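Each chain, letter by letter, is given below.
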Amino acid sequence: MSTGRLDWAPLRQLRDHAEVWWNERTSREHILMAALMVSILASLLVIAVIAPLRAVRAEALGEIRSAAVLEARLRAAGPGGPARLRRGNAQAIVSESLGEAGITAQTVNPEGSGIRVVVADVPFNRIAGWIAELEQTSRLRVVSAKIDRTGSPGHVMAAVLVRG
């Protein structure tokens, strides 16, 4: 009949065998085993703690960047929202909105069912504000944008495809 108590005898035997084995080792082997244990623990620390933290940090930085772009778009929209909906053909709306945003386009050309706008060396906030304002004050939508940084800090070169 079991009394519900654990039998510690096998664990004691295992401990005794390990102690005998350890005592048979030389001090040099003790040092090597200690170094091995330290390297195993360091590897486990990197795999189990540091790598997941780096992944979470990278994800958080991506979310922060997305929030910053969203904030720039909201700031550019202004507190009252759009006062009017732009009317006219798409090329005229794009040209007018570029002028109001203070952006000089290198090219504004029809491409397929949309309009390709290429600008160079423009502050990123101004481009983000222009896109936000264009989408709020017209039925035009940016369907693709390729934005690359230039040599000037905060300035970008952008190729934007707008469709309505």
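Residues numbered from 1 in each chain as written. Predicted model: local features only at pLDDT ≥ 70, side-chain atom pairs only at ≥ 80, totals over all residues. Heavy atoms only, no water.

Caption draft 1: The pairing of strand β4 (residues 155–163), seen in detail. In the sheet, strand β2 (residues 114–123) pairs with β4 via eight bridges, with the strands oriented antiparallel. Among the inter-strand pairings, Pro 123 is bridged to a residue of β4, identified as His 155. Here strand β3 (residues 141–149) pairs with β4 via eight bridges, running antiparallel. Across the sheet, the residue bridging to Ser 144 is Leu 161, located in β4. Between β3 and β4, which pair antiparallel in sequence order, lie five residues; one of them, Gly 154, sits at a positive phi of approximately 80°. (Pairing = 2+ DSSP bridges. Helix = DSSP H or I, 4+ residues; strand = E, 2+ residues; numbered from the N terminus.)

Caption draft 2: View of the confidence of the model for the protein. Confidence in the prediction of the protein, expressed as mean pLDDT, is 88, and 94% of residues score 70 or more. The secondary-structure element of the protein with the lowest mean pLDDT is strand β1 (residues 105–111), recorded at 89, while helix α1 (residues 9–24) shows the highest, at 93. (pLDDT = per-residue confidence, 0-100.)

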